[in-house]
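A structural walkthrough
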Amino acid sequence: MHVMSRVGAAAAAAFIVAAPQAAIAQPADFRVQADAVLAEAYPADGPGVAVIVTRGGQTVYAAGRGMADIAANRPLAPSSVFRLGSITKQFTAAVILQLVGEGRISLDDPLTRFFPDYPQPGGGATVRQLLRHLSGIQSYTGIPGWMEPNMNRPHSTAQMIAAFRDLPSPTRPGEAFAYNNSGYLLLGAIIEQVTGKAWHEAISERISRPLGLTTIAYGEDVAASAAMVRGYGIGDNGPEAAMAIHMSVPHAAGGLVGSVEDLAKWARALHHGRVVTPALYREMITRTPLPDGSESPYGMGLTNADARGRAGIGHGGNINGFATDSLYLPAEDMFIAVFANVENPAVDPPTLLRRIAALALGDPYPIFTRAALDMAAVEPLFGVYRISDNEARRFYARDGKLYTSRDGGRELEVFPAGGDRYFYGPGSLTWFRIERGADGTHVMHMHSNGQNEAVRSPRTGPIPPEAPTVAVAETLLRTYVGRYLTGGPVVTIAMAEAGGLTVQLDGQPALPLRAISEREFRVEEVGARIAFDVADGSVTGLVIHQGGGQLPARRDGD
């Protein structure tokens, strides 16, 4: 489960009622172009996507691509029902705000008003802080080792709260923004306390039924529905059934299902004043001010984002077998939703959504085709490009392929598009161009996320030589094998089948380690370094160095 330009109060008030549609001509061949984008992103015979685009409340594009059920040869359609993941949060937030509007609760009520014995400091978190991910409470999806053995068992709300209520709070309420599924589960529990109904029943009674949203429902209630699609992962041999999860675990943070058609109807109602009052709607879409003077783009169950430079409000979600995204562009009165029934697709819903939105806006992103790689011609461009005083990007080749990597970031394969332009494949909107200087002072112009304006990074010189790989005895390598506790994700060091060590953080793939000394190792794919701590001949912990930061971990059992 998992997630812009500021939308101020005046703007919000302007589009709570139907705003006149902006004078942007929709391309005559929009459907043909959109169909082509979907066809490039997803195969027809595998897991796929459902997409909808509405404008002024009217559907201008709706399509399915791929299979809802591969074995049954059942295709996807805009009416197909997907797990929504964290898109659920906006429904939970809306019911909470309705209760605020009715005077039954206050945004400033502490959690202890509803659960008097909830431990401090988390018990002092307000409803507002829960909505804005400022509670400081431990998010249960980040508890080391909790999710996998528990996620396919039914849990009561009380059992879910018990999983995290007595754990130390990473921060105090209001101290820092941290995306937090426990916070939204607690909001669901507050709904239950105040209404006397299960959180999802309150959503059905207050939102789904009045608005005619026949598919927006609790996932367990419709698990066997004919319209419910299967969720997939991608294994070594292609698509495979995703790991099962009981919807009582994502709860009010991610336990709903629905279709793109119904989500579009919901967005129309929400953004045009039919769900919460104008004042509370502004709370929902306004960025969150932080103690250090900065802002988070997150509001209450919604986040501020953009498409092709147009300000928008939306939310996405990721849950076993599914990835979703949605965005409303108020100035254009346009809504777009993209639901996929596969985890980690090659082209993820946020990227596909923005490509489709850009086409609908008549302002498409550039499309690149791979050109032949002339390594001799590209080689003079390799080197370090300075992004800022504290950060650089490297451009280089390895094993006949091109890559870039930022300081502390993973390496990304890039492809030539001709004319000293390079792109990251169909799953990314980012591309760059290198301007060649006669004296070798080349400049990289990076268009992150397809932005029209590029960030200019001059070349500062060749890439420094890497530290040589050191041979480390297997007997010593085996002393590093084990679990290491960070206070967040568990770090697992294991022996690789082909020799050497791997490192794996909870929920992430195992990555190979390259020894640069007997105690220090490089994680090339993510630009990190791991140093093991040894005391009195025993390994006591490790420190992960990445991007100028450090993450210490003690060995489990020490």
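The structure reproduced in this document is the subject of the present report.

**Here's the deal with the sheet that holds strand S9 (residues 256-258)**
Think of a sheet as strands paired side by side through backbone hydrogen bonds, with each pair either parallel or antiparallel. Read across the open sheet, the three strands follow the order S5-S9-S6; overall the sheet is antiparallel. One side of each edge strand has no neighbouring strand; the edge strands of this open sheet are strand S5 (82-83) and strand S6 (217-218). Where S6 and S9 come together, two bridges link them in antiparallel fashion. Considered in S9, the bridge of Tyr218 is made with Leu256.

**Overview of helix H2 (residues 30-41)**
For H2, built from twelve residues, the straight-helix expectation of 16 Å at 1.5 Å per residue is met to within 8% by its first-to-last C-alpha distance of 17 Å. Along H2, the residues classified as buried are Phe30, Ala34, Val37, Leu38 and Ala41. Seen end-on, H2 carries its buried residues on one side only, within an arc spanning 95°. The outward face of H2, more than 90 degrees from its buried face, is lined by the exposed residues Val32 and Glu40. Looking at the packing, one finds that the buried side of H2 touches strand S1 (49-55), strand S2 (58-65) and helix H12 (349-360).

**Observations regarding helix H7 (residues 181-195)**
Counting along an α-helix, one turn takes 3.6 residues, and residues three or four places apart therefore face a common direction. With 15 residues, H7 extends 21 Å from end C-alpha to end C-alpha; this agrees with the ideal 21 Å at 1.5 Å per step. Of all 15 residues that make up H7, 13 are buried, and the element is covered over most of its length. Taking the backbone nitrogen of Ser182 as reference, a side-chain oxygen 2.8 Å away marks Asn180 as the first, capping residue of H7. Following H7 by one or two positions, Gly196 has its phi on the positive side, about 75°.

**Points about unusual backbone geometry**
For residues other than glycine, phi is negative in most cases, and the peptide bonds are mostly trans. Of the consecutive residues Gln120 and Pro121, the connecting peptide bond is found in the cis state with omega at 5°. For Pro121, the location among the structural elements is in the loop between helix H3 (88-101) and helix H4 (127-131). A positive phi angle, near 55°, is found at Asn73, a position not held by glycine. One can find Asn73 in the loop between strand S3 (67-69) and strand S4 (74-75).

**Observations regarding the side chain of His272**
Locating His272 in the fold gives a position in the loop between helix H10 (260-270) and helix H11 (278-285). Looking at His272, its side chain comes within polar contact range of the main-chain oxygen of Arg268, at 3.0 Å.

**A word on the pairing of strand S23 (residues 455-461)**
Where strand S16 (residues 383-388) meets S23, two bridges bridge the pair, whose relative direction is antiparallel. Within S23, the position partnered with Val384 by the bridge is Gly461.

Definitions and cut-offs
- Residues numbered from 1 in each chain as written.
- Predicted model: local features only at pLDDT ≥ 70, side-chain atom pairs only at ≥ 80, totals over all residues.
- Heavy atoms only, no water.
- Pairing = 2+ DSSP bridges.
- Helix = DSSP H or I, 4+ residues; strand = E, 2+ residues; numbered from the N terminus.
- Expected span 1.5 Å × (residues − 1).
- Buried < 20%, exposed > 50% of the residue type's maximum accessible area, 1.4 Å probe, protein only.
- Arc of directions from axis to C-beta.
- Contact = heavy atoms within 4.5 Å.
- Polar contact = N/O pair within 3.5 Å; in protein donor to acceptor, adjacent residues only side chain to side chain.

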